[in-house]
Amino acid sequence: MEELEFWLLDASYDIIDGLPEVQLWGVDKSGRRVLVVDRSFRPYFYVVPSGDLESVMRGLSSALAAYGLLSLEPVQKKYYGKPVNSIKVVLRNPRSVPEAREAAAKVRGVGEVLEADIRFYMRYMVDNDIRPSAWHYVKVKELPKPANLHVDAVYMAVERPVYVGGPPPSLRLYAFDIECYNRYGEPLPERDPVIMISRATKEGVETFTADSGEASLIKEFLEDFWSVDPDVVLGYNSNRFDIPYLLKRAHENGLKLKLGRNSGEPAQSVYGHFSVVGRANIDLYDYASELVGVKLKTLDAVAEYLGLVKRSERVLLDASRVYEYWDKPELRKTLAQYSADDARSTYLIGETVLPFAIQLSEVVGLPLDQIFAASVGNRVEWFLMRQAFKHGELVPNSRERKEETYKGAIVLTPKPGIHRNVAVLDFSSMYPNIMIKYNISPDTYVPPGEEVPDEEVYVAPEVGHRFRRQPPGFYRKVLEELLRVRREIVRKMKELPPDSEEYRILEERQKAVKVVTNAVYGYSGWAPARWYMREVAEATTAWGRVLIKETIKFAQQIGLNVIYGDTDSIFVYYDPDRVQKLIEYVEQNLGFEIKVDKVYTKVFFTEAKKRYCGLLADGRVDIVGLEAVRGDWAEISKDIQEKVVEIVLRDEDPWKAAEYVRSTIADLYSGRIPLEKLIIWKTLAKELDEYEVDAPHVQAAKLLAKMGYRIYKGMKIGYIVTKEGGGRVSERAKPYVLVRSPQEVDAEYYVKHQIVPAALRILEYFGIREEHITSTRRQATLFDFFGT
DNA sequence: GCCTTGAAGTTACCG
DNA sequence: ACCGGTAACTTCAAGGCG
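Residues numbered from 1 in each chain as written. Chains lettered and ligands numbered in written order. Predicted model: local features only at pLDDT ≥ 70, side-chain atom pairs only at ≥ 80, totals over all residues. Heavy atoms only, no water.

Q: Describe the overall build of chain A, and please don't skip the residues or the numbers.
A: Secondary structure assignment for chain A yields 22 helices and 29 strands. Along the longest, intermediate and shortest principal axes, the C-alpha atoms of chain A span 105 × 80 × 55 Å. Within chain A, buried positions represent 52% of all 788 residues. Restricting the contact set of chain A to residue pairs at least 6 apart, pairs at least 24 apart contribute 67%. Carbon and sulfur atoms make up 49% of the accessible area of chain A, which totals about 35600 Å². In chain A, the 109 positive side-chain charges and the 116 negative ones have mean positions that sit 2 Å from each other. (Helix = DSSP H or I, 4+ residues; strand = E, 2+ residues; numbered from the N terminus. Buried < 20%, exposed > 50% of the residue type's maximum accessible area, 1.4 Å probe, protein only. Contact = heavy atoms within 4.5 Å. Areas by Shrake-Rupley, 256 points an atom, 1.4 Å probe, with all protein chains shown as cover. Lys, Arg positive; Asp, Glu negative; His and termini not counted. Charge placed at Lys NZ, Arg CZ, Asp CG, Glu CD.)

Next up, the structure:
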């Protein structure tokens, strides 16, 4: 018997002689890649009887005999906080769980079948507090290594592994990107070969080409892949494109795309991702889709945004013309460099983001390869499921529900104009703290019919929902734990030098804990959630509204002028003494923490809510909600608005800004604005045929579809409004790739509907009107005057 | 038949 | 595929006017 410490990279299971074997793939302390198997765990689910326990046991016993029933064990659990006698149904094989679940549900006296939809390796990890992306200690016996398993050693767990924590080991990263022949439009894997594959590792970038045929390219790639034997496989849009494409092409060439440490191919798995057994396959596009700072999430834009690869320092080419670069021998080198740059960017993004992914994976409990692929709701849910297990709570089933709406937060109407020296006060974790304070939870909710003494419940304002004060509800326990853990991490960080490895890990960890904490309220009002309850979400926002109103009331009482507020923040003139008084009042009388989040030396509002701009104490310009920070306005309008904001805030000279707008409009009319700055990007939020109105981007997408492009939901459509086509904007909207010259552009549209609105959004307040920025240039006017 | 107006459809933001 | 609140665009049909 030996002792082993390993860092869990991936989990899977297999059936050996009709019995399941959990497989934990990892890295040990000496950097060996290891597999720890555990054959001692069996799949199970719970039955909650509505009738007599004994007779349900008998019924289950006969109904499940055919499904490899191993045991029926009465167990005490809690369901929505109430003790229930339930039956743990243990089976031989995870694959029979779905059928056994159906059979169990039909047994007379069975109320509910619970936790029958939890994947076997997840069940194993939850029950044993084994966490992905974390170190574990385990007593093992070494096993002979089967030929198909590519690890340094295989061990049989003698006991269950124990979570121990610690910094992650050094992992081998392998980023890759493929290029496909696309002479006939979108490359089709049935038709078009892969022509290049680039990969980037710590060692550098390499590009393989199909000069000697596609089969040899794929073989070369496989050989390289195995020579690196990576722990983390990185791609950009790889789950939707590169991997399925490569798989298909490998098969067309009679090859197997053996990438897994179990010699298996990538397999379609949960949340639309491909799993590569024994490794973490991460599609960084999933991460990028959550990056709010980048609007158009191309690989090069994301790499630049993260400060990794400047677009000016890499090869960029029109992806639809990849085939030309392949067909023309003199251009192949450029294509190779493009491909290499993509792989390198992917590698660098992966390297940058991995520390956060690792922490989120450990905190939430989802394997590293699933953590970005899973939605926010699913991440919260997996965290909750682990917590439920710890508290002996049964996990409610997911089910379809109709969506119910409810009232949300309050947004104040701002006081228009430039305000000086303004402090923004924010409630710290407002919703989590409300849920904790009033014990808001599905298991503490008291439905209208139920009689409970008034002093035993909290009653939500406006909506009247009641929640028991005691015992602590599930959400309260979970949120208190999350807040406690985060405080603890932040406390530890303060004792460390900010440039230390440990500090950086903790920084990522506190971020991970924070995102989970902040998502719990939203989760509670998400109809598909297992722990959904409209009343919970509704009561939370109701208390939030009262809280912010009371805060505003007191602020005004002590003479603090409230300029604006949204949900959990208020903007006031920064009078430090009064602000301090307000902070103390909120803490002592309302029981919540409020902090000065930022201070604007100047902040500008129009009448509109959720849109403003300001100058921060450090000199930075902050733009919130306005066109300049939106992804669906042409770059030209955003640039102009940004400039206008800067001039108005820094120089306080709106007429100077107006002059700037006027000169840029002149540039547009004379064709001096590059076409890229005129592209308007909009997401196709539905399938093309589901649209009721032909909006400009829908029309543009239809044109693309006609040309043979694959159009899909979620796609960003970039269009330019041209002169030719008809009266409606949509009739003149052309996919940007079809617009070749500034002559085609409808400059008037851009002036009237893009530049003027964006500029006037700010300038109108100062008395500047459309004619002031669109009239002919001053020189021309003077010329006209003297010339006639 | 043309123009105005407001509702509906649509997207992306804020916190 | 976490929530509701919000602004702002374009389309589209109804209504007013002549």
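There is more to say, and it comes next.
Q: Explain the sheet that holds strand 6 (residues 82–91) to me, and be specific about the residues and the numbers.
A: Taking strand neighbours across the sheet as the criterion, the four strands line up as 5-6-4-7 in an open arrangement whose pairing is antiparallel. In this open sheet, the two edge strands, each paired with only one partner strand, are strand 5 (69–79) and strand 7 (110–114). Within the sheet, the average angular offset between the axes of one strand and its neighbour, ignoring direction, is 30°. Pairing analysis gives four bridges linking strand 4 (residues 44–49) to strand 7, with the strands arranged antiparallel. Along strand 7, the bridge assignment pairs V48 with E112. (Pairing = 2+ DSSP bridges. Axes fitted to C-alpha atoms, helices over the stretch in contact; angles between N-to-C directions.)

Q: If you had to explain the sheet that holds strand 20 (residues 457–459) to someone new, which residues and values would you point to?
A: Pairing is antiparallel in the open sheet, where three strands are placed in the order 19-21-20. In the strand order of this sheet, the two ends are held by strand 19 (445–446) and strand 20, each with one partner. Where strand 20 and strand 21 (residues 466–468) come together, three bridges link them in antiparallel fashion. If you follow V459 over to strand 21, its bridge partner there is R466. Set on the sheet, helix 14 (residues 534–557) makes contact with strand 19, strand 20 and strand 21; between it and strand 21 the angle comes to about 100°.

Q: Provide a residue-level description of the side chain of D127, including the pertinent values.
A: You can see D127 is positioned in helix 3 (residues 120–127). Of the polar contacts made by the side chain of D127, one reaches the side chain of R123; its length is 2.9 Å. Among residues more than four places away in sequence, those in contact with D127 are F41, Y44 and F389. (Polar contact = N/O pair within 3.5 Å; in protein donor to acceptor, adjacent residues only side chain to side chain.)

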